[in-house]
Amino acid sequence: MRVNLPSFLITLVGACCLTLPVAAQSRRPQAKHAPAARPSATSPATVAAPRTGQTLIVRTEPNASIWLDEVRRGVSGATGQLQIDRVAPGRHTLRVRAVGFNERVLPLLPAQRGVIALRLTRTTDEAELAFQQAEAARAQATDNDARKPAAELYRRALTMRPRFPAAHVGLARLLLDMNDTDGALAESAAARTERPVYAEASVVEGRSLHVQGDDVAAIAAYRRALREARGVQPEAYTGLGIALEEKGRYAEAADAYTKAIAQLADTEPILYELLGRTYERLENYKAAVAAYEKYLQLAPDGKLAPAIRSIIEQLRQQANGDDIPLPPPR
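What counts as what
Residues numbered from 1 in each chain as written. Predicted model: local features only at pLDDT ≥ 70, side-chain atom pairs only at ≥ 80, totals over all residues. Heavy atoms only, no water. pLDDT = per-residue confidence, 0-100. Helix = DSSP H or I, 4+ residues; strand = E, 2+ residues; numbered from the N terminus. Salt bridge = Lys/Arg side-chain N within 4 Å of Asp/Glu carboxyl O. Buried < 20%, exposed > 50% of the residue type's maximum accessible area, 1.4 Å probe, protein only. Axes fitted to C-alpha atoms, helices over the stretch in contact; angles between N-to-C directions. Parallel < 35°, antiparallel > 145°, perpendicular 65-115°, else oblique. Left-handed = near helix turned anticlockwise from the far one by under 90°. Contact = heavy atoms within 4.5 Å.

Our focus in this paragraph is the confidence of the model for the protein. Summary statistics for the protein give a mean pLDDT of 84 and a share of 80% for residues scoring 70 or more. Summarising per-element confidence for the protein, the mean pLDDT is lowest in helix H1 (residues 7–16) (57) and highest in helix H5 (residues 181–194) (98).

Moving on: the environment of Asp214. Positionally, Asp214 belongs in the loop between helix H6 (199–211) and helix H7 (215–228). Expressed as a C-alpha distance, the spacing of Asp214 and Ala243, which sit 29 residues apart in the sequence, is 9.3 Å.

All right, on to the pattern of salt bridges then. One pass over the full model with this rule turns up 19 salt bridges. The residue Arg119 makes a salt bridge to Glu61 at a minimum N-O spacing of 3.6 Å. Taken as a pair, Arg119 in the loop between strand S7 (114–117) and helix H2 (126–140) and Glu61 in the loop between strand S1 (54–59) and strand S2 (65–68) lie far apart in primary sequence, 58 residues in all. Residue classification places Arg119 among the exposed positions, given a relative accessible area of 61%. Where Glu205 meets Arg224, a salt bridge forms, and the shortest distance between an N and an O atom there is 3.0 Å. Residue Glu205 is found in helix H6, and its partner Arg224 is found in helix H7; the two are separated by 19 residues along the sequence.

Attention now goes to the packing of helix H9 (residues 250–263) against helix H10 (residues 270–281). The N-to-C vectors of H9 and H10 enclose an angle of 160 degrees; their axes lie 9 Å apart at closest approach. Here H10 runs roughly antiparallel to H9, going by the angle between their axes. Handedness of the H9/H10 crossing: left-handed. Every residue of H10 that contacts H9 at Tyr250, Ala253, Ala254, Tyr257, Thr258, Ala260 and Ile261 is listed here: Leu271, Tyr272, Leu274, Leu275, Thr278, Tyr279 and Arg281.

Quick look at the structure:
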């Protein structure tokens, strides 16, 4: 089974900013912030794809959630296998969790690629089981009625094990999905009390603050998450890019989206839509076209593909005669 869309992108991008490209939208009043600086001569005119890496095949229990460097990369299939493509060179950390089993973390050396077999041991820890059930219920819930049982399971786990940072973060994510930002912030703070250096808790704090409209504090929380994760946290980079874009800091936003793209190894086309839109706002039309064409390459039948195709010619006209190559025939 291949990599699934990370849940943070479904909620973070879908809820905050999934829109048509800038030039496809009707004219709107300019935002009340300082105009963006025009790109310098060194601004990229093309979007370089992340370096091609190796393939990692994880064999473990069926229906197990699998993280690579704290990025959830998908769920193993009925055979217990998940394939992760484009794994960059260097050291990584693999984490596997399945309902009814103890979670396991495995450091991967640079030479460890190909098939990684990771067997889990069963658990009878009631707090852990309640937490795992809550995580599964949250993943499947599509409305607040379905989310309420998940909240009860998280709270049951925390009752049985009050010092349980991961359960606090899971509950914070759930409350954010339910638009309870104050509750989400309280749970993020509780997680950080138990585990002071906790990048995921900082990310959820940033998302909650962004929803509340406090982008200055959200940006600070996202930057803290990146420090805590030593720079490897694509959810933080994505959230940071969104917050910076809304503040009119487009060059910084483009840099954040580019780093998220690299860390997700070209698996999430929507990030190229965000990057293209940001380059449009910088009036760097060559880079915008390159980003949009990368989206089309990765998701030719994607949700935004028709709008993106229709806008590319408009961007060529706005490029003031710059030579932007035509896309290859399909």
